[in-house]
Amino acid sequence: MEVLKIATAGSVDDGKSTLIGRLLYDTKSLTTDKLEAIEKTSKQKGYDYLDFSLATDGLVAEREQGITIDVAHIYFSTAKKSYIIADTPGHVEYTRNMVTGASTSQAAIILIDARKGVIEQTNRHFFINNLLRIKEVVVAVNKMDLVDFSEEKYNAIKSDFQTLMGKRDYQDQRITFIPVSALKGDNVVNKSNNTPWYTGETLLEHLEALDMAAVSNVGTPRFPVQYVIRPKTEEFHDFRGFAGKVYGGELSVGDEVVALPSQTKSRIKDIFFYDKKFQTASRRSSVTITLEDEINVSRGDMLVKVGDLPTIEKEFTATISWMDSQQLNAGSKYVVQHGVNKVLAKVEKIHHKIHPDYSGIDEDTSALGMNDIAQVTFKLNKPIFYDKFKNHRTNGSFILLDTQSNNTVGAGFIS
Amino acid sequence: MKDTSHINPLENEAIYIFREVAAQFEKPVLLFSGGKDSITLVRLAQKAFWPAKIPFPLMHIDTGHNFPETIEFRDRLVKELGLELIVRNVQDSIDAGKVKEESGKYSSRNSLQTTTLLDAIEEFKFDACIGGARRDEEKARAKERIFSVRDDFGQWDERNQRPELFDMLNGQIELGQNVRVFPISNWTELDVWSYIEKEEIEIPSIYFAHKRKVFLRDGLIWSHSDYVFQEDDEEVLEKMVRFRTVGDMSCTAAVFSEATDIASVVQEIRDSTISERGARIDDKRSEAAMEKRKQQGYF
Ligand SMILES: Nc1nc2c(ncn2[C@@H]2O[C@H](COP(=O)(O)OP(=O)(O)O)[C@@H](O)[C@H]2O)c(=O)[nH]1
């Protein structure tokens, strides 16, 4: 089974909820009782169409305000793939939600209202998806029905967006443009008769055709040890299994590995998934590994292949996204959670703030507020084993925890 | 042949979450209702820790209004796997005067479970409670985190949730707080059923079509039972039915079905167009019901 996780981005009222509702409706993923609820509420509100946005807008507070305020997850599947949509709100003040939704996604849909075209918000949505190195971005130019399905309008928006693409850091990102009407259903699941000039795929066709291997981040194998399994039963008296998830690449029985931080070498003896042995542990599989030699490995340590070591350092510089209402200041201390490893960290230097709308940087920065993005150097109380984010999406990222409130207050991408 | 049975992404994610719970918390507990979701959780936990035993107990908050099949099943499973089972009864909370039994036509003990659960968490000092909730079940659940922090009163503050990025789960909490953990957050109902089929997991017999005395009300099929209030004019019928969830008898409706084995149940679910919660009577009371109960500390 293939699972594709998609983040959505769009400003308020661009039609994100409607688009998702439309996808659910046209793929027959809405259940009878949900459909009934939508019909009933649409009628109550006096609409002469079905308000699909009601399929996603969740919490009571949101219904009152009529806006989405957090990351919501929506599920649907076709015969080919299972889809998880992380629906994230588009306001300026919710950059943090967008970063959150995008962090686990392989694809993103950026919505543009055809009447408004590329606006400052669009820059932000694109910036964040690019910062997070989402491989596959779909730019859905929505509400085409309100601009008479004009090819010129569409092309003008496309060309504005392409100017933006010149400024991006991650150039290999694949970008596809699709003219849609979420409300009327044009080019969402079914091909539209209103856009004869558009010969490309519909949104769903495009998602269905995505090659999962191509949108995944393949790098070099990293195995952070989550948990050590020691059954101490008669049958498994000497069993010491290292439980964890394989990231970036595969590991196989017989591979020569190094345990970090001790730098002790050994070989992979067995790979278990539950009670079965496997020759290879695939990327993102949660396995248990045993080694030929008895070496000391505990939670937070990492197994890597010999000759393929990550950087082992007590200091790093990263782009961070700040997510807390309390400011980040130079000199403050936080816990860096890097995978399953936690270390104490001090903010050594805030280099500059980065405007997420491609309008430049602020050199003169002493503190960061909620939703700021900045380049920051951290000093750690012990070394971590990292890769650059651009080489390894998992081993190059971390979160920041507040030492007092324990909250997750930021996310970082190692430069 | 390349064996790829270990690369189901949802299963790998759930196993990863179980291991994080065992590593990050001192006293986790798996909330076990006897339903298919919690049975699936037990299988996933087995996989996460094999060849060691599951390193935490199960706890059942018993409303006393269960289907007898569920309880038999529960006790057998626990015995076979050599697990520790804690049972706390809603009846005891009622007897102690902490909660009041609901009365009337729609009375149910489902919402009373909250108090019993919170008391049990305090009694055992549990810092993580693993549950089988899924985000696809209900709109309010769609925003639930995988590690969801609850305050001293078990309350959920949906506006102030910790962001969850990448695979990283932040389980750091203060004394008195606890975390609800949802390893199958990203599964759909069909995913769970397909997994049960693929893994040949045994589930209680009431999930399969059987003859049962029922009556109809509000377009739903109710079990005829001492625990369920029934009007005199509500006629008892004998029908082939099965259950899609097995909560408290007083709030779990059946569906007509001829599916007597897992393959045909999976097929029926695949074809069906009524969501699972549509058969949970308590959710019909109000659209915002789940959200309200969650703020009060419900699972
Ligand atoms: N005419 C037209 N209206 C649309 C379209 N998509 C969304 N809308 C309307 O735009 C408004 C905002 O849509 P909604 O989905 O709630 O936007 P969100 O804030 O991005 O989730 C609603 O009144 C929708 O009915 C479209 O393709 N065409």
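Computed from a prediction, not measured in an experiment: that's the story for all the values here. Residue indices follow the written sequence of each chain, beginning from 1 at its first position. Written order decides the labels, with chains lettered from A and ligands numbered from 1. Note on the predicted model: pLDDT of at least 70 is required for a residue's local features to be given, and 80 or more for side-chain atom pairs to be given and counted; whole-chain, interface and lining totals, by contrast, use all residues. Computation of side-chain values: all heavy atoms of the structure, hydrogens and water removed.

Colleague: Which parts of the structure should I look at to understand the packing of aromatic side chains?
Modeller: Two measures describe an aromatic ring pair: the distance that separates the ring centres and the angle between the ring planes. Residue and element names in this part refer to chain B. Think of it this way: a Phe, Tyr or Trp ring, Trp meaning its six-membered ring, pairs with another when their centres are within 6.5 Å, and the plane angle makes it stacked under 30 degrees, edge-to-face over 60, tilted otherwise. Under the definition given, this model contains 31 aromatic pairs over all chains. Taking 4.7 Å as the distance between ring centres and 55 degrees as the angle between the ring planes, the aromatic pair formed by Phe67 and Phe243 counts as tilted. Separated by 176 residues along the polypeptide, Phe67 in the loop between strand E2 (58-62) and helix H3 (68-81) and Phe243 in strand E9 (residues 237-243) bring together distant segments of the chain. Summary of the burial criterion: residues with accessible area below 20% of their type's maximum are buried, those above 50% are exposed, and those between are partly exposed, where the area comes from a 1.4 Å probe applied to protein chains only. A relative accessible area of 0% means that Phe67 is categorised as buried. The buried category is assigned to Phe243, whose relative accessible area is 0%. On the numbers, 5.1 Å between centres and 85 degrees between planes, the contact of Trp187 with Tyr195 is edge-to-face. Here a strand is any run of E in DSSP of at least two residues, a helix any run of H or I of at least four, and the numbering for each starts at the N terminus.

Colleague: Would you explain helix H5 (residues 113-124) of chain B in this entry?
Modeller: Residue pairs spaced three or four apart in an α-helix point in one direction, given the helix's 3.6 residues per turn. By this rule, a helix spans an expected 1.5 Å times one less than how many residues it contains. Counted at 1.5 Å a residue, the expected span for H5 of chain B with its twelve residues is 16 Å, and the 16 Å between its end C-alpha atoms agrees. As for H5 of chain B, its buried residues are in contact with strand E1 (28-31), E2, strand E3 (85-89), helix H4 (90-95), strand E4 (128-130) and strand E6 (178-181) of chain B. The contact criterion used is simple: two residues touch if any of their non-hydrogen atoms lie within 4.5 Å.

Colleague: Explain the domain arrangement of chain B here, please?
Modeller: Interface size, as often reported, equals the accessible area lost upon joining of the parts. Taken domain by domain, chain B comprises domain 1 (9-191 + 288-295) and domain 2 (206-283). Put simply, the middle of domain 1 of chain B and the middle of domain 2 of chain B, counted by C-alpha atoms, are 24 Å apart. How far each domain reaches was decided by an automatic or database domain assignment.

Colleague: Just checking my understanding: could you explain the interface of chain A and chain B for this structure?
Modeller: With 75 residues of chain A at the contact, the number on the chain B side is 60 residues. By convention, the term buried area covers the 1.4 Å-probe accessible surface removed from two parts as they join, with the contributions of both added. For the pair chain A and chain B, the summed buried area comes to about 5900 Å², and 56% of that belongs to carbon and sulfur atoms. Any Lys or Arg side-chain nitrogen found within 4 Å of a carboxyl oxygen on Asp or Glu counts as a salt bridge. At the junction of chain A with chain B, the criterion picks out three salt bridges. A salt bridge links Asp167 of chain B to Arg284 of chain A, with the nearest nitrogen and oxygen atoms 3.4 Å apart. We define a polar contact as two N or O atoms separated by no more than 3.5 Å, with the added condition that, inside protein, one atom must be a possible hydrogen donor and the other a possible acceptor, whereas residues neighbouring each other in sequence contribute only through side-chain atom pairs. At the boundary of chain A with chain B, the tally comes to 21 residue pairs in polar contact (both at pLDDT 80 or more).

Colleague: Is there a simple way to think about the site of the ligand in this case?
Modeller: All names here are of chain A. Any residue with a heavy atom lying within 4 Å of a molecule or strand is counted as near it. The full set close to the ligand counts 17 residues, and Asp13, Lys16, Ser17, Thr18 and Asp145 are the nearest of them. At 2.5 Å, a side-chain N or O of Ser17 approaches an oxygen atom of the ligand. Asp145 places a polar side-chain atom, nitrogen or oxygen, 2.8 Å from a nitrogen atom of the ligand. Only the protein chains shown count as cover for residues, and all accessible areas are computed by the Shrake-Rupley method using a 1.4 Å probe. Protein chains shield 82% of the accessible area of the ligand, which is 590 Å² for the free molecule. Sort the elements by how many residues they give to the shell around the ligand and helix H1 (residues 16-26) lands first, with three residues.

Colleague: How should I be thinking about the pattern of salt bridges in this particular structure?
Modeller: Two side chains carrying opposite charge are able to pair once their charged atoms lie near each other. Residue and element names in this part refer to chain B. Summed over all chains, the structure comprises 33 salt bridges over all chains. Measuring nitrogen to oxygen at the nearest pair gives 3.4 Å for the salt bridge that ties Asp37 to Arg134. Linking Asp37 in helix H2 (residues 36-49) with Arg134 in the loop between E4 and strand E5 (147-150), this pair joins segments that are 97 residues apart in sequence. As far as burial versus exposure is concerned, Asp37 and Arg134 are alike and both buried. If you follow the salt bridges from partner to partner, you end up with Glu11, Arg43, Lys47, Lys198 and Glu199 in one network.

Colleague: Can you help me understand the sheet that holds E2 of chain B in this one?
Modeller: Strands pair in a sheet through their backbones, by hydrogen bonds, and they do so in one of two ways: parallel or antiparallel. Residues and elements named next belong to chain B. DSSP calls a pair of strands paired once it identifies at least 2 bridges connecting them. Here six strands make up an open sheet; going across it, the order is E3-E2-E1-E4-E6-E5 and the pairing mixed. Every other strand in the sheet has two partners, leaving E3 and E5 as the edge strands with one partner each. Taking the axes of each pair of neighbouring strands and ignoring which way they run, one obtains an average angle of 30 degrees across the sheet. Structural elements are reduced to axes, namely lines fitted to C-alpha atoms, with helices fitted over the stretch in contact, and the angle between N-to-C directions of any two is expressed from 0 to 180 degrees. Here H3 sits on the sheet and contacts E2 and E3; the angle it forms with E2, its principal contact strand, is near 165 degrees.

Colleague: Where do I start with the environment of Asp148 of chain A in this structure?
Modeller: All names here are of chain A. Tracing the sequence through the fold places Asp148 in the loop between strand E5 (136-142) and helix H6 (151-165). Taking the relative accessible area as the measure of exposure, Asp148 reaches 68% and is therefore exposed. With 46 residues separating them in the primary sequence, Asp148 and Asn194 have C-alpha atoms 8.5 Å apart.

Colleague: What's the story with the confidence of the model for chain B in this structure? I'm lost.
Modeller: Parts of the prediction with low pLDDT should not have their coordinates interpreted in detail. All names here are of chain B. For chain B, the mean per-residue pLDDT works out to 85, and 87% of the residues sit at or above 70. What pLDDT reports is the predictor's confidence in each residue, on a scale of 0 through 100. Every residue in residues 282-288 scores below 50 in pLDDT, and together they form 17 contacts with partners more than four places removed in sequence or on other chains. Taken together, the chains of this predicted complex give a pTM of 0.92 and an interface ipTM of 0.93.

Colleague: What's the story with the nonpolar core in this structure? I'm lost.
Modeller: For soluble globular proteins, the rule of thumb is that nonpolar side chains tend to be buried together. Formed by 83 residues in total, the largest nonpolar core has its most connected members in Phe223 and Ile289 of chain A together with Phe18, Leu30 and Phe147 of chain B. For this core, the element with the most residues is helix H1 (residues 9-24) of chain B, which contributes eight residues. Setting aside its immediate chain neighbours within four residues, Ile289 of chain A contacts Phe223, Arg240, Gly241, Phe242, Leu251, Ile268, Asp270, Ile271 and Leu303 of chain A. We define the nonpolar core as a collection of buried residues of types Ala, Val, Leu, Ile, Met, Phe, Trp, Tyr and Cys that are connected through side-chain atoms lying within 4.5 Å of one another. Within the second largest apolar cluster, 72 residues are counted, among which are Ala9, Met144, Phe161 and Tyr358 of chain A.

Colleague: I keep staring at the domain arrangement of chain A and nothing clicks. Help me out?
Modeller: All names here are of chain A. Structurally, chain A comprises domain 1 (3-215), domain 2 (222-305) and domain 3 (311-414). Computed over C-alpha atoms only, the centres of domain 2 and domain 3 are separated by 30 Å. Across the contact, 14 residues belong to domain 2 and eight residues belong to domain 3. Buried surface at the junction of domain 2 and domain 3, summed over both partners, amounts to about 880 Å²; 68% is from carbon and sulfur atoms. Ranking the residues of domain 2 by area buried against domain 3 places Arg222, Gly300 and Met302 at the top, with a combined share of 43%.

Colleague: What is the right way to read the environment of Thr32 of chain A from this model?
Modeller: Summarising the element assignment, Thr32 of chain A is placed in helix H2 (residues 32-44). Sequence spacing of Thr32 of chain A and Arg283 of chain A is 251 residues, and the spatial spacing of their C-alpha atoms is 38 Å.

Colleague: Explanation requested: the environment of Val141 of chain A in the structure shown.
Modeller: All names here are of chain A. Tracing the backbone shows Val141 in strand E5. The buried category is assigned to Val141, whose relative accessible area is 0%. A C-alpha to C-alpha distance of 6.1 Å links Val141 and Asp113, two positions 28 residues apart in sequence. Non-local contacts of Val141, meaning those with residues more than four positions away in its chain, are made with Ile112, Ala114, Tyr154, Ile157, Ile178, Pro179 and Val180.

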